[in-house]
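As a plain string of letters, each chain reads:
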Amino acid sequence: MSDDERNKAVIRRVFDEFVNRGDFSVVDEIYRADVVDHQPLPGAPKGIPGVKYTIAGLRAGFPDLHVTIEDMSAHADHVVIHNTWRGTHLGEFLGLPPTGRAIEFTGVVVWRLTGGLIAERWGIGVDSNMLAVLGMKGLAPGARNGTRRNGTAKPPLSG
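Cut-offs applied
- Residues numbered from 1 in each chain as written.
- Predicted model: local features only at pLDDT ≥ 70, side-chain atom pairs only at ≥ 80, totals over all residues.
- Heavy atoms only, no water.
- Phe/Tyr/Trp six-rings, centres within 6.5 Å; stacked < 30°, edge-to-face > 60°.
- Helix = DSSP H or I, 4+ residues; strand = E, 2+ residues; numbered from the N terminus.
- Buried < 20%, exposed > 50% of the residue type's maximum accessible area, 1.4 Å probe, protein only.
- pLDDT = per-residue confidence, 0-100.
- Contact = heavy atoms within 4.5 Å.

Participant: Go over the packing of aromatic side chains, please, and point to the residues and values.
Facilitator: Considering all chains together, one arrives at six aromatic pairs under this definition. With a centroid separation of 5.0 Å and 90° between ring planes, the pair formed by Phe18 and Phe24 is classed as edge-to-face. Ring centres of Phe62 and Phe93 lie 5.3 Å apart, and the angle between their planes is 65°; this geometry places the pair in the edge-to-face category. Pair noted here: Phe62 is in the loop between helix H3 (47-61) and strand S2 (66-75) and Phe93 is in the loop between strand S3 (78-88) and strand S4 (102-114), with a separation of 31 residues, a long-range link. We note that Phe62, like Phe93, is buried.

Participant: For the confidence of the model for the chain, give the residues involved together with the corresponding values.
Facilitator: The predicted coordinates should not be examined in detail at positions where pLDDT is low. Averaged over the chain, the pLDDT score is 87; the fraction of residues at 70 or greater is 86%. Across the chain, the secondary-structure element scoring lowest on mean pLDDT is helix H4 (residues 126-133), at 80, and the one scoring highest is S2, at 98. Scored below 50 in pLDDT, residues 139-159 makes 23 contacts in the model with residues more than four places away or belonging to other chains.

Participant: How would you sum up unusual backbone geometry? Please name residues and give values.
Facilitator: Excluding glycine, most residues fall at negative phi; most peptide bonds, likewise, are trans. We note that Ala76 has phi near 55°; this positive angle belongs to a residue other than glycine. By the secondary structure assignment, Ala76 is in the loop between S2 and S3. Among the residues examined, Ala76 registers a relative accessible area of 48% and is labelled partly exposed. Non-glycine residue Leu94 carries a positive phi angle of around 50°. In this structure, Leu94 sits in the loop between S3 and S4. Residue class for Leu94 comes out partly exposed when judged on its relative accessible area of 36%.

Right, dumping it as structure tokens:
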């Protein structure tokens, strides 16, 4: 098996075992202790405890959470996936009481692995798409004051 295929297998385990089944024991096997998650839930500690905190928070808000990997590619130490997240908002999430609404949204996640372990994670559109679906668009990154993270104004919306 090539390094690319091994790295892809690690990322499949994130979703198949950890996120979808709730098996938190897999985290200690596939993540570096000093992993950096660039989009954790607010209040998450650093490292592996933060990874567990984020998924525990998502699973508490969406007990039937299921993520489908739509596409995956690997090159050197990076794996990129396009995925679809689905669940029913049955528990409190980021202070929002349960709505009972089924949600579905997509995103892209970039992973960096070292020595076969996950070292970094970047979610692209995952958090903002989820918040928009929940009607919490004002909490999405860059939504405050009409500016993006780099300080530039958002372009006006056209009809």
